[in-house]
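For reference, the chains in residue letters:
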Amino acid sequence: MTETATLPSRDRTAKPAEKAQPLYAAHKWVYSRNVKGPFRRLKWAVLGVLLGLYYIGPWLRWDRGPGAPDQALLIDMPARRAYFFAIEIWPQEIYYLTGLLILGAIGLFFVTALAGRVWCGFTCPQTVWTDLFLWAERLIEGDRAARMRLDAAPLSAAKAAKKGLKHGVWLFISVATGGAWILYFEDAFTVTSRIFAGEASTTVYFFIGLFTATTYLLAGWAREQVCIYMCPWPRFQSAMFDEHSLIVTYEAWRGEPRGKAKPGISFEGRGHCVDCGLCHQVCPTGVDIRKGQQLACIGCALCVDACRGVMDRFGLPRGLITYDSMANQAARAAGLPRRLRLVRPRTLAYVAVLSVVAAVMAAALTTRARVDVSVLHDRAPLYVRLSDGAISNGFTYKILNMERQPKTFGLDLAGIEGARLKVVGIAADWVEAVELPVKADDIGTFRVLVRVEADQLHGRSTGMVFRLKDQTTGQAYNHEVAFSGPGTVSSTAAGVP
Ligand code: SF4
Ligand code: SF4
């Protein structure tokens with residue numbers, strides 16, 4: 001695929017070298033032809049389901065109780081919360097999203113090892129929206145030949161009307177796409193009425209504009225250029241293929257030598273490819289699969305459909321272009337039995353990793369605590385000697401209540417005999433235990449001071465436990481900390497060892 005530029009000759013007496021190959025080929029607009037067949041129908045079905053999910057998603061509701069958003073799929077940036085039906089993710093639980101990304105990546109590796117670029121050919125957003133834009137283009141300007149004639153024709157009122165209508169439809173789809181994206185970040189009903197009333201924030205209009213522009217440019221104009229030049233995925237996916245991965249292949253061993261033909265002729269002594277060019281014409285990335293595997297082939301299988309119809313017309317066996325593995329192709333070319341191996345160490349390894357990650361995530365999600373506690377010891381000073389000789393340490397105590405009802409927690413101490421505590425704004429005197437209220441769906445932050453008699457300490461650091469108890473459920477949350485003291489250092493009013 002890579003073309004090498006010719007180096008200039010050093011021999012000045014020699015004839016000028018042949019014209020150097022350009023490093024960059026000018027872009028040729030791809031006029032892909034419509035095709036009918038099982039893979040085309042499958043692509044329409046996938047497109048319908050994916051676009052349906054994308055556009056309908058923000059309008060789905062999910063009751064989470066009073067005061068909580070009822071949008072099923074929502075990323076609430078101001079509240080720093082993500083909602084996915086019954087699952088609510090707090091910023092502290094961002095590792096679930098990391099787990100989802102890992103699952104997605106391994107799933108993609110698995111699918112690629114099994115069936116090549118099916119993600120690219122059927123489900124990638126670039127493919128889906130480009131297909132939608134192409135559908136609109138064909139509807140307005142006609143199929144391949146009509147579009148080529150229209151583009152070659154001089155500007156006329158009819159041509160301007162068709163082009164204007166096509167770009168209007170493209171823009172409409174782009175605005176709908178950009179607008180739908182915003183709905184995943186704010187309540188869909190509220191933000192939609194604000195957008196139409198001109199009352200939405202500048203950020204909302206900015207992102208609608210941004211996603212409208214990118215959809216219009218990438219799906220309308222850039223199309224296959226995104227897959228060939230911008231997307232990194234084709235570059236490293238070859239590492240996931242092996243000779244048993246299913247990919248779109250041309251059976252050169254039975255297609256060649258190719259040649260033009262009419263129905264009814266004998267194919268004795270020649271290949272089955274009738275050189276009709278249909279496989280090339282239907283390709284959305286402009287690939288001629290008969291030249292072998294190419295980076296630009298996204299595995300959409302439309303050429304399979306095209307060739308299938310041709311083979312049927314000539315009464316030849318289907319599958320001259322087909323989903324097959326290289327190993328199977330080689331076996332069939334040699335007249336050996338089929339060698340399709342979907343279950344192999346690589347695919348088994350991906351399934352094993354997928355299962356482990358999915359099981360760990362499911363277990364973590366179902367058993368996760370809805371209360372989280374963090375304790376931070378004051379850094380300076382580490383301790384304070386009180387006027388009666390006792391030692392005091394300060395802590396910042398945070399309770400994260402992820403539930404939808406307010407909670408009261410009991411807090412006391414263990415590990416050091418006679419330890420007492422004070423909580424700023426709640427308990428002004430030294431007490432053994434205290435009650436801490438935390439609002440629903442909120443973080444309670446408390447300034448806690450702990451007082452200990454100096455003779456109860458063992459050196460500079462003595463282990464102590466904050467014991468927190470949910471007063472409703474009885475669930476305990478113990479937190480071990482180090483209580484700092486002067487140790488053998490000479491007594492001071494406040495110390496930083
Ligand atoms: S569609 Fe089939 S027969 Fe026609 S050129 Fe392609 S491979 Fe040959
Ligand atoms: S060569 Fe065939 S499978 Fe590959 S992108 Fe073109 S039409 Fe799709």
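Residues numbered from 1 in each chain as written. Chains lettered and ligands numbered in written order. Predicted model: local features only at pLDDT ≥ 70, side-chain atom pairs only at ≥ 80, totals over all residues. Heavy atoms only, no water.

Burial of nonpolar side chains together is a common tendency in soluble globular proteins. One finds V248, I289, C303, I321 and Y323 to be the most contacted residues of the largest nonpolar core, which totals 44 residues. Looking at this core, the elements with two or more residues in it are α2 (95-115), α3 (118-123), α9 (224-230), β4 (247-250), α12 (278-281), α13 (302-313), β5 (321-324) and α15 (345-367). Looking at which domains feed residues into this core, each of domain 1 (38-237) and domain 2 (239-333) gives three or more. With residues up to four places along the chain from it excluded, the contact list for V248 reads I289, Q293, G299, A301, C303, V304, I321, T322 and Y323. Counting 30 residues, the second-largest nonpolar core is a separate cluster that includes F395, F446, F466 and L468. (Core = buried A, V, L, I, M, F, W, Y, C linked by side-chain atoms within 4.5 Å. Buried < 20%, exposed > 50% of the residue type's maximum accessible area, 1.4 Å probe, protein only. Helix = DSSP H or I, 4+ residues; strand = E, 2+ residues; numbered from the N terminus. Domains from an automatic or database assignment. Contact = heavy atoms within 4.5 Å.)

Lining the immediate environment of ligand 1, one finds 13 residues, of which C273, C276, G277, C279 and C307 sit closest. Tallying contributions element by element places α13 first for the shell around ligand 1, with three residues. For the shell around ligand 1, the residue count by class is 10 nonpolar, one polar and two charged. (Near = heavy atom within 4 Å. Nonpolar A, V, L, I, M, F, W, Y, C, P; charged D, E, K, R; others polar.)

The strand order across the open sheet built from three strands is β1-β2-β3, with neighbouring strands paired in antiparallel fashion. Sheet topology places β1 (73-76) and β3 (87-89) at the edges, where each strand pairs with a single neighbour. Averaged over all neighbouring strand pairs, the angle between strand axes comes to 10 degrees, with direction disregarded. Here β1 pairs with strand β2 (residues 81-84) via four bridges, running antiparallel. If you follow D76 over to β2, its bridge partner there is R81. (Pairing = 2+ DSSP bridges. Axes fitted to C-alpha atoms, helices over the stretch in contact; angles between N-to-C directions.)

Turning our eyes to something else, we now look at the site of ligand 2. Taken together, V248, C283, P284, T285, V287, I289, C297, I298, G299, C300, A301 and C303 make up all the residues around ligand 2. Looking at the shell around ligand 2 residue by residue, the class counts come to 10 nonpolar, two polar and no charged.

It is worth spelling out the pairing of β4 at this point. Across the two faces of β4 the burial is the same, with I247 and T249 and V248 and Y250 all buried. Pairing of β4 with β5 involves four bridges; the strand directions are antiparallel. When the sheet's bridge partners are listed, I247 is paired in β5 with D324.

Attention shifts here to the packing of aromatic side chains. Overall, the coordinates contain 23 aromatic pairs when judged by the stated rule. With a centroid separation of 6.4 Å and an interplanar angle of 15 degrees, the aromatic rings of F109 and W233 are classed as stacked. A residue pair is termed long-range when its members are at least 10 positions apart, and F109 in helix α2 and W233 in helix α10 (residues 233-237) qualify at 124 residues. Since its relative accessible area comes to 26%, F109 is described here as partly exposed. Ring plane angle 50 degrees and centroid distance 6.1 Å describe the contact between F109 and Y350, whose orientation is recorded as tilted. One end of the pair, F109, is in helix α2; the other, Y350, is in helix α15, with 241 residues separating them in the sequence. Positioned over the ring face of F122 is K43, at 5.5 Å from the centre of the ring. (Phe/Tyr/Trp six-rings, centres within 6.5 Å; stacked < 30°, edge-to-face > 60°. Lys NZ or Arg CZ within 6 Å of the ring centre and 35° of its normal.)

So yeah, pure geometry; function would need other evidence.
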